[in-house]
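Below are the chains, spelled out letter by letter.
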2 protein chains.
Amino acid sequence: MTATLSGTELAAGIRAEVAAAAADLTAAGTPPHLAVVVATADESSAWYVRSIARAAQRTGIACSVVDLGETATPERIGAELAALSSDPAVHGVILQTPLPAGAVFEDLAASIDPAKDVDGANPLTLGRLAAGLPAFAPATAEAVLVLLDSHGIPLSGAHAVVVGRSTVVGKPAAHLLLQRDATVTVCHSRTKDLAAVTRTADVLVAAVGRPELVTAEHVAEDAVVIDVGTNPTPDGGLVGDVDAGSVTGRAAGLTPVPGGVGPVTTALLLRHTVTSARC
Amino acid sequence: MTATLSGTELAAGIRAEVAAAAADLTAAGTPPHLAVVVATADESSAWYVRSIARAAQRTGIACSVVDLGETATPERIGAELAALSSDPAVHGVILQTPLPAGAVFEDLAASIDPAKDVDGANPLTLGRLAAGLPAFAPATAEAVLVLLDSHGIPLSGAHAVVVGRSTVVGKPAAHLLLQRDATVTVCHSRTKDLAAVTRTADVLVAAVGRPELVTAEHVAEDAVVIDVGTNPTPDGGLVGDVDAGSVTGRAAGLTPVPGGVGPVTTALLLRHTVTSARC
């Protein structure tokens with residue numbers, strides 16, 4: 001039996017807690033405010049931004065979307081991030097991807113004040129995480145840990161294998177797992193015999209952005225599989241990095257897509273925003 | 001046959017290159033200058049600082065040791081690091097460990113200007129490394145890579161296992177190996193069956209600070225073993241994290257202690273200092 005490790009109820013619980021905190025903050029004269037900077041006409045990006053804005057509004061957090069257009073220069077984007085960071089009425093600043101050609105995400109994200117870096121994008125934030133100092137973890141990476149915890153999956157001494165080495169998910173997830181005393185392996189496109197490596201995992205995190213890459217042959221019996229992938233399908237749907245049909249029956253647990261990591265990620269972004277507003 | 005992967009000649013080559021650069025800089029009116037901040041009476045730390053100062057002077061780099069004493073407060077140490085960072089005549093700033101009780105290395109190192117952070121101690125530096133942005137890597141972690149390269153050990157697709165998860169060595173070494181397309185596993189004190197994990201390594205990096213922890217049973221035949229450990233022995237000698245007697249004959253290559261990672265680390269610190277002085 002493969003348990004479905006849903007994120008829906010968990011996310012709803014976090015949003016309820018956030019809504020209560022947002023109401024308190026608003027009553028105290030500090031209405032929490034999240035700003036999202038966009039410089040793309042990408043449709044799936046627009047869909048994601050709308051879903052964040054909706055979730056924010058439903059929990060009582062104001063959400064500004066600052067659309068600089070797909071021809072925005074890196075200078076313009078950096079200046080906007082700096083301006084929002086120094087605005088005392090703004091508590092969280094997110095830079096949405098993709099970016100215009102020539103703009104480097106990690107470089108621009110350095111303009112986000114770490115205190116408002118609610119999606120952990122500033123390289124300083126990643127460094128602080130790696131050094132074990134307080135920081136907002138990238139929400140997707142943190143969602144992996146929060147999901148594992150909510151389903152009671154033990155991490156200390158477990159072997160966690162992360163497929164994907166992105167700065168926004170794979171690497172911070174590896175640091176968070178390491179901090180929780182897992183032995184951590186990071187795999188990627190150059191890994192030889194990926195399936196042999198991933199089969200050694202007690203906890204397998206697929207964060208590579210390749211639809212249904214992970215199949216039954218990649219998964220040990222009784223492994224727990226967290227699917228971070230959200231790959232759009234031609235018919236307008238969403239598919240993960242894990243082939244759920246293949247893995248079901250073999251893994252001990254699997255997060256669904258949609259309804260797994262995604263809603264928890266959004267809820268954590270909102271939680272970070274109220275945490276920032278409290279400080 | 002186990003090859004001895006010496007760092008001595010490699011370090012001498014780097015120092016010669018640094019000496020030439022230092023002479024040019026001095027002739028051009030910018031004599032390179034390294035400052036080491038000390039707040040301990042620890043004898044092995046004092047020994048290490050003297051060896052850095054000697055190596056600096058021999059390559060034409062001025063080296064100031066600022067000894068704040070073992071009762072220095074974190075505020076005093078942070079202020080000194082900030083003052084040296086803003087001194088245009090200083091090009092490299094190192095904070096020596098151990099620190100007085102109550103002082104947190106990573107917190108204090110945040111006061112070192114990243115442009116002068118020649119031992120990669122500032123959390124921002126680690127974040128920039130992890131994000132693939134230019135930064136001075138911690139010299140010990142970089143020495144691991146430079147040693148592997150100098151002996152022609154291939155890394156792309158190789159499985160590298162790092163034993164130790166410190167912010168100064170294990171984690172940055174893992175990022176550098178990942179950047180070079182190795183599949184990377186980080187082990188530590190909570191790892192279950194350490195020997196079973198380390199035996200899967202093509203490249204094994206021992207950076208755990210436990211004398212002779214790694215023995216033949218931890219090492220696959222034909223693995224390359226890099227010993228980062230420098231553990232003082234009661235008789236005033238130095239022993240690595242690898243039991244060289246046990247591993248010799250099994251591994252394809254092993255770095256000696258002393259004469260392996262150590263001299264390369266010092267040479268890289270000096271190289272970082274002249275690089276900083278050039279900017």
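Residues numbered from 1 in each chain as written. Chains lettered and ligands numbered in written order. Predicted model: local features only at pLDDT ≥ 70, side-chain atom pairs only at ≥ 80, totals over all residues. Heavy atoms only, no water.

- Going by an unreviewed UniProt entry, chain A carries the name Bifunctional protein FolD and comes from Geodermatophilus africanus.
- UniProt, in the comment section headed Subunit (unreviewed entry), describes chain A in these words: "Homodimer."
- According to the UniProt record, the Pathway (unreviewed entry) comment for chain A is "One-carbon metabolism; tetrahydrofolate interconversion." (UniProt positions renumbered as here; feature names shortened; annotations may be inferred.)

A look at the domain arrangement of chain A
Turning to step 1, where the next piece is worked out: The domains assigned to chain A are domain 1 (29–113) and domain 2 (139–262).
Turning to step 2, where the next piece is worked out: Centre-to-centre, using C-alpha coordinates, domain 1 of chain A lies 27 Å away from domain 2 of chain A. (Domains from an automatic or database assignment.)

Re the sheet that holds strand E4 (residues 92–95) of chain A
All names here are of chain A.
Turning to step 1, where the next piece is worked out: Overall, parallel pairing links the three strands, which are arranged E3-E2-E4 in an open sheet. Looking at which strands have only one partner, the edges of the open sheet turn out to be strand E3 (62–67) and E4. Strand-to-strand twist in this sheet, taken as the mean axis angle between neighbours without regard to direction, amounts to 20°. (Pairing = 2+ DSSP bridges. Helix = DSSP H or I, 4+ residues; strand = E, 2+ residues; numbered from the N terminus. Axes fitted to C-alpha atoms, helices over the stretch in contact; angles between N-to-C directions.)

Some remarks on the sheet that holds strand E2 (residues 33–38) of chain B
Residue and element names in this part refer to chain B.
Turning to step 1, where the next piece is worked out: Spatially, the three strands line up as an open sheet ordered E3-E2-E4, and their pairing is parallel. The two strands at the open ends of the sheet, each matched to only one other strand, are strand E3 (62–67) and strand E4 (92–95). Taking each pair of neighbouring strands and ignoring which way they run, the sheet shows an average axis angle of 20°.
Turning to step 2, where the next piece is worked out: Note that E2 and E3 share six bridges and pair parallel. For Leu34, the partnering residue across the bridge sits in E3 and is Cys63.

With respect to the relation of the copies chain B and chain A
Turning to step 1, where the next piece is worked out: It takes a turn of 180° to lay chain B on chain A, together with a shift of 0.0 Å along the axis; the resulting RMSD is 0.0 Å. With respect to symmetry, the two chain copies, as superposed, fit the operation of a two-fold axis.
Turning to step 2, where the next piece is worked out: Comparing interface residues between copies, 100% of those in chain B also sit at the interface in chain A, which points to an isologous, same-surface contact. (Least-squares fit on C-alpha atoms with pLDDT ≥ 70 in both. Contact = heavy atoms within 4.5 Å.)

Quick word on the UniProt feature "domain: Tetrahydrofolate dehydrogenase/cyclohydrolase NAD(P)-binding" (unreviewed entry) in chain A
Turning to step 1, where the next piece is worked out: According to UniProt, the positions carrying the feature "domain: Tetrahydrofolate dehydrogenase/cyclohydrolase NAD(P)-binding" (unreviewed entry) are residues 138–277 of chain A.
Turning to step 2, where the next piece is worked out: For residues 138–277 of chain A, helix accounts for 34% and strand for 17%, while the C-alpha atoms at its two ends are 18 Å apart.

Topic: the interface of chain B and chain A
Turning to step 1, where the next piece is worked out: Every contact between the two is made by 28 residues of chain B and, on the other side, 28 residues of chain A.
Turning to step 2, where the next piece is worked out: The contact between chain B and chain A buries some 2,500 Å² in all, and 57% of this surface belongs to carbon and sulfur atoms.
Turning to step 3, where the next piece is worked out: Three residues stand out in chain B for area buried against chain A, namely Leu178, Asp181 and Thr183 of chain B, and they jointly supply 19% of the buried area on that side.
Turning to step 4, where the next piece is worked out: Summed over the shared surface of chain B and chain A, the result is four salt bridges.
Turning to step 5, where the next piece is worked out: For Arg165 of chain A, the salt bridge is made with Asp181 of chain B, and the minimal N-O distance between the two is 2.8 Å.
Turning to step 6, where the next piece is worked out: Summed over the shared surface of chain B and chain A, the result is 17 residue pairs in polar contact (both at pLDDT 80 or more).
Turning to step 7, where the next piece is worked out: Broken down by element, the side of chain B that touches chain A gets its largest block of residues, six residues, from helix H5 (residues 123–130) of chain B.
Turning to step 8, where the next piece is worked out: For the side of chain B that touches chain A, a count of residues per class yields 11 nonpolar, nine polar and eight charged.
Turning to step 9, where the next piece is worked out: Where strand E6 (residues 183–187) of chain A lies against strand E6 (residues 183–187) of chain B, three bridges are found, and the strand directions are antiparallel. (Buried area = accessible area lost by both parts, 1.4 Å probe. Salt bridge = Lys/Arg side-chain N within 4 Å of Asp/Glu carboxyl O. Polar contact = N/O pair within 3.5 Å; in protein donor to acceptor, adjacent residues only side chain to side chain. Nonpolar A, V, L, I, M, F, W, Y, C, P; charged D, E, K, R; others polar.)

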